[in-house]
Amino acid sequence: MSKSMSRSPFGWSNRGGTVTVIEAPVARSYRRRATIAFWIVLGVVGLLAATVASHYLHPIVGALLGGIIGAVCGAVVFALIVAWPVLRVFWHWLPEIVLGLAAVYGWNALMQSTPMWGSLLVVALLVGLPAAIGPVRRRVMAFIWCLVVRHRLRLCFAAFIATNRSGSLPLILPARPTPAGERVWVWLRPGLSLRDLEQDGQVQKLAVACWANEVRVMRASRRYAALIRLDITRREPLAGKVVSPLPDYVPTDVPTNAPTSPGMPPVGLDLPDVPDRPVTTTADTPRPRRPRNPTTETSPTDGFDPSDYA
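Reading the values: the criteria
- Residues take numbers from 1 onward in each chain, read along the sequence in its written order.
- Confidence filtering applies because this is a predicted model: local features only for residues at pLDDT of at least 70, side-chain atom pairs given and counted only at 80 or more, and all residues used for totals across whole chains, interfaces and linings.
- Each side-chain value is derived from all of the structure's non-hydrogen atoms; neither hydrogens nor water enter the calculation.
- Numbering of helices and strands runs from the N terminus, with a helix taken as a DSSP run of H or I at least four residues long and a strand as a DSSP run of E at least two residues long.
- Residue count minus one, scaled by 1.5 Å, sets the expected span of a helix.
- Burial classification: accessible surface area is computed with a 1.4 Å probe over protein chains only, and a residue below 20% of its type maximum counts as buried, one above 50% as exposed, and the rest as partly exposed.
- The working definition used for a salt bridge is a side-chain nitrogen of Lys or Arg within 4 Å of a carboxyl oxygen of Asp or Glu.
- Strand pairing requires that DSSP identify at least two bridges connecting the strands.
- Note on geometry: axes are C-alpha line fits, over the in-contact stretch for helices, and angles between N-to-C directions span 0 to 180 degrees.
- In this description, contact between two residues means that some pair of their heavy atoms is separated by no more than 4.5 Å.

### A look at helix H5 (residues 134-159)
Next up, step 1: Over its 26 residues, H5 runs 37 Å from end to end, which matches the ideal 38 Å to within 8%, given 1.5 Å per residue.
Next up, step 2: Those residues of H5 lying buried are Gly134, Ala142, Cys146, Val149, Arg150, His151, Leu153, Cys156 and Phe157.

### Here we look at the pattern of salt bridges
Next up, step 1: Using the criterion set out here, one finds four salt bridges in the structure.
Next up, step 2: In this structure, the salt-bridge partner of glutamate 182 is arginine 234, at a minimum N-O distance of 2.8 Å. Here arginine 234 lies in the segment after strand E7 (227-233) and glutamate 182 lies in strand E5 (residues 181-187), a separation of 52 residues in the sequence. Accessibility assignment for this pair places glutamate 182 and arginine 234 in one class, buried.
Next up, step 3: Linking arginine 229 and aspartate 231 is a salt bridge whose minimum nitrogen-to-oxygen distance equals 3.4 Å. A single burial state applies to arginine 229 and to aspartate 231, both of which are buried.

### A word on the sheet that holds E7
Next up, step 1: With respect to topology, four strands assemble into an open sheet ordered E4-E5-E7-E6, the strand pairing being antiparallel. This sheet does not close on itself; its edge strands, each paired only once, are strand E4 (171-177) and strand E6 (214-219). This sheet shows a mean twist of 20° between the axes of neighbouring strands, independent of strand direction.
Next up, step 2: Strand direction decides the pairing type here: E5 and E7, joined by seven bridges, are antiparallel. Bridged to arginine 183 within E7 is aspartate 231.
Next up, step 3: The strands that helix H7 (residues 202-209) touches are E6 and E7; relative to E6, the one it contacts most, it runs at about 125°.

Read these as layout, nothing more, since geometry by itself doesn't imply function.
Here is the structure:
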């Protein structure tokens, strides 16, 4: 290993480039949080466990047992907090990991239960039929675009969207296809808000990064401001031509001089063929002037029954 190569948390880095899974500032921040959480859990859980154990055992034995229980619980919390950045990476790639495991173990099970030609035939049917049937193929491609969009949004948050002081990125939640594109839910971390995504140029950058036409950002919950929704428009479903069967029901033997509605102008006439009709105007008749304070003979309480509000 060369001198310029140095070990970084969860990866390798050098001066020429960085190949890391978790950035060093983020790893340090999570280690600091994990250390604080370890001592807090050790003190609280250890004290409670020692108090309960002292009722059944000797006080010294109960104190030692409480310390051991608190240390074990604190170590578990410490490990979860330190490993959370790596667990978040697994969360981002969870659909691909599940599909890969299903493909590998499914192929092994298929090879063990069927001969070689049978396995190849089943794989050809599973791959060829969805590719040949249009609706199935479009549905599969829509789910593939959902997986791609989740990764593109994660790169956007890591590249040009402001993060909090500890560098925590938002949590990309599942996505689903829509007639216009994809819809993705995102849980913002403390330090971010919807206004950060609505700044000038941010939405356009999201659209460019997602290879889309337009991106709309809005709140997804009235109760939680951290839950937002991104609607990614990739196509215009209402702009396509819709084939209507109504012209097929129009008879072809309709005469050209068929009667039309009186309110409709005659068809097939030019402007010179329209006869000139004199326009008659009626003199404007003066409208009677209403009094400023009209008086009515009926009482304002007529028709009012107080029992309706009783």
